Amino acid sequence: MCPHRLILEHVTSRWGVLVLILLLDRPHRFGELRRAIGRVSEKMLTQTLQTLERDGLVHRDARPVIPPRVDYSLTGLGREAAEQVRELARWTERRTPDVLAARQTYDAARAAS
């Protein structure tokens, strides 16, 4: 797979999109991200964060305190990607009625033939 396609897959993955958008507002701890996203397993969120960190989009700040504190934030590259993803999410919200209408038209035409 081409490197740019793999990065696109990471950025637009089911959980990657949500993580990036949430981190645009402020840094979050793991538990905060998990609660805000909902319905994501600990394993999947961990994998998503590691992938985004490896790609240079997310920064993991582990502080040596008791109990351990780990904050996740966006890097400059991550902020740039997250802004693009957020705009796509906003477009999706704005255009949902049009997509739903297109689906109805398509389904009706398929049912008629």
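Residues numbered from 1 in each chain as written. Predicted model: local features only at pLDDT ≥ 70, side-chain atom pairs only at ≥ 80, totals over all residues. Heavy atoms only, no water.

Novice: Lay out unusual backbone geometry with the relevant residues and their values.
Specialist: Geometrically, the link from Ile66 to Pro67 is a cis peptide bond, its omega value of -10 degrees lying close to zero. You can see Pro67 is positioned in the loop between β2 (58-63) and β3 (69-74). One non-glycine residue, Arg39, lies in positive phi territory at about 50 degrees. Along the polypeptide, Arg39 turns up in the loop between α3 (30-37) and α4 (42-54). (Helix = DSSP H or I, 4+ residues; strand = E, 2+ residues; numbered from the N terminus.)

Novice: Mind laying out the pairing of β2, listing which residues take part and the relevant values?
Specialist: Of the pairings in the sheet, the one linking β2 to β3 comprises six bridges and is antiparallel in character. Bridging across to β3, Arg63 finds its partner in Arg69. Two successive antiparallel strands, β2 and β3, enclose a turn made up of five residues. (Pairing = 2+ DSSP bridges.)

Novice: Tell me what's going on with the sheet that holds β3, and back it up with residues and numbers.
Specialist: Read from one edge of the open sheet, three strands run β1-β3-β2, paired in antiparallel fashion. At either margin of the open sheet sits one strand with a lone partner, and together these are β1 (28-29) and β2.

Novice: I'd like a rundown of the packing of helix α2 (residues 14-25) against α4, residues and numbers included.
Specialist: At a minimum axis separation of 10 Å, α2 and α4 run at an interaxial angle of 70 degrees. Classified by the interaxial angle, the pair formed by α2 and α4 is roughly perpendicular. In terms of crossing hand, the pair formed by α2 and α4 is right-handed. On α4, the residues touching Trp15, Gly16, Val19 and Leu20 of α2 are Met44, Leu45, Thr48, Leu49 and Leu52. Residues that form the contact of α2 with α4 fall into these classes: seven nonpolar, two polar and no charged. (Axes fitted to C-alpha atoms, helices over the stretch in contact; angles between N-to-C directions. Parallel < 35°, antiparallel > 145°, perpendicular 65-115°, else oblique. Left-handed = near helix turned anticlockwise from the far one by under 90°. Contact = heavy atoms within 4.5 Å. Nonpolar A, V, L, I, M, F, W, Y, C, P; charged D, E, K, R; others polar.)

Novice: Run through the side chain of Ser73, naming residues and quoting values.
Specialist: Here Ser73 lies in strand β3. Note on Ser73: relative accessible area 19%, which makes it buried. Apart from the residues lying within four places of it in its own chain, the contact partners of Ser73 are Leu23, Pro27, Leu57, Val58 and His59. (Buried < 20%, exposed > 50% of the residue type's maximum accessible area, 1.4 Å probe, protein only.)

Take it as geometry only, folks, not as evidence of what the structure does.
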